[in-house]
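# Working through the structure, step by step
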Amino acid sequence: MNFTKKNTAIEGCYELQPVVRKDTRGLFVKVLHEPEFKKLGLETRFKEEYYSVSKKGVLRGLHFQEPPFALVKLVFCVEGEVFDAVLDLRRRSKTYGKTFTVKLSSKKSNMLYIPKGCVHGFYTLSKQAVMFYKTSEVYSPEHDKGVLWSSAGIKWPSGKPLVSQRDKLFPVFSDYVSGSTF
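Residues numbered from 1 in each chain as written. Predicted model: local features only at pLDDT ≥ 70, side-chain atom pairs only at ≥ 80, totals over all residues. Heavy atoms only, no water.

### Concerning the layout of surface pockets
In this approach a probe as big as a water molecule rolls over the atoms, and the regions it shows empty are the leftover space. Of the voids in this model, the largest pocket is the one considered here, and its volume is about 440 Å³. Forming the boundary of the largest pocket are 24 residues, of which Tyr50, His63, Lys73, Asp144 and Arg166 lie nearest the centre. Elements represented by at least two residues in the lining of the largest pocket include exactly strand S5 (48-55), strand S6 (59-65), strand S11 (118-124), strand S12 (128-135) and helix H2 (165-168). A total of five residues in the lining of the largest pocket trace back to one element, the largest contributor, which is S6. A per-class count over the lining of the largest pocket returns 10 nonpolar, seven polar and seven charged. (1 Å grid on protein atoms, 1.4 Å probe; cavity = no way out; pocket = protein on both sides within 12 Å on 5 of 7 lines; lining within 4 Å. Points joined across faces, edges and corners; volume = space filled by probe spheres on them. Helix = DSSP H or I, 4+ residues; strand = E, 2+ residues; numbered from the N terminus. Nonpolar A, V, L, I, M, F, W, Y, C, P; charged D, E, K, R; others polar.)

Quick look at the structure:
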């Protein structure tokens, strides 16, 4: 097995720990193995990949895409460390409204598998962090939505993060109580 799958507080959201191969040269980490992902019941088709670079104190999120462009995300930190957060927006889920947080770091090489209908964001803990994302759908600007970072009950490392103007204007979580499309 190349991956250990650990349940989280959110149904269908998993922390994945890949096998990290280290030697005198450094390390090698496999982030996707289609046969194993299938055995673990995880999405194997990712249509888009990208990364972000953030300085310490930056909070990105909380982001998601609405149907029909809802997407599965596989995220991991290839440099530095982040405080990663997920919020379940799926009205039919047993974990609707619940949150889960975990530290993702390049030292640990852990990953987070986020199902469709969940909102994602992170706060940069290290001097700089590079986050890598794999998504099951392509970016659709008209379906790109968000939840105000401070409205979901997440205990962020800072109450005064550096947040984009766009992210500051997202609706509060309570606005999604009756309006969620998941």
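After presenting the structure, the write-up continues.
### Observations concerning the sheet that holds strand S8 (residues 81-88)
Here we have five strands laid out as an open sheet, ordered S9-S8-S11-S6-S13, and antiparallel in their pairing. Every interior strand has two partners, whereas the edge strands, strand S9 (99-105) and strand S13 (144-146), have only one. Each adjacent strand pair in this sheet contributes to an overall mean axis angle of 30°, direction not counted. Across seven bridges, S8 lies against S11 in antiparallel orientation. In the strand pairing of S11, Asp84 is matched with Phe122. (Pairing = 2+ DSSP bridges. Axes fitted to C-alpha atoms, helices over the stretch in contact; angles between N-to-C directions.)

### Points about the pattern of salt bridges
A complete count under the given rule lists nine salt bridges for this structure. Arg25 is the partner of Asp23 in a salt bridge, and the nearest nitrogen-oxygen pair spans 2.5 Å. Its relative accessible area of 39% is what places Asp23 among the partly exposed residues. Residue Arg25 is classed as exposed on the basis of its relative accessible area, which comes to 77%. One salt bridge connects Arg90 with Asp88, and the closest N-O pair in it is separated by 2.9 Å. With respect to burial, Arg90 and Asp88 carry one shared label: buried. Within this structure, Lys6, Glu15 and Lys108 form a network of salt bridges that share partners. (Salt bridge = Lys/Arg side-chain N within 4 Å of Asp/Glu carboxyl O. Buried < 20%, exposed > 50% of the residue type's maximum accessible area, 1.4 Å probe, protein only.)

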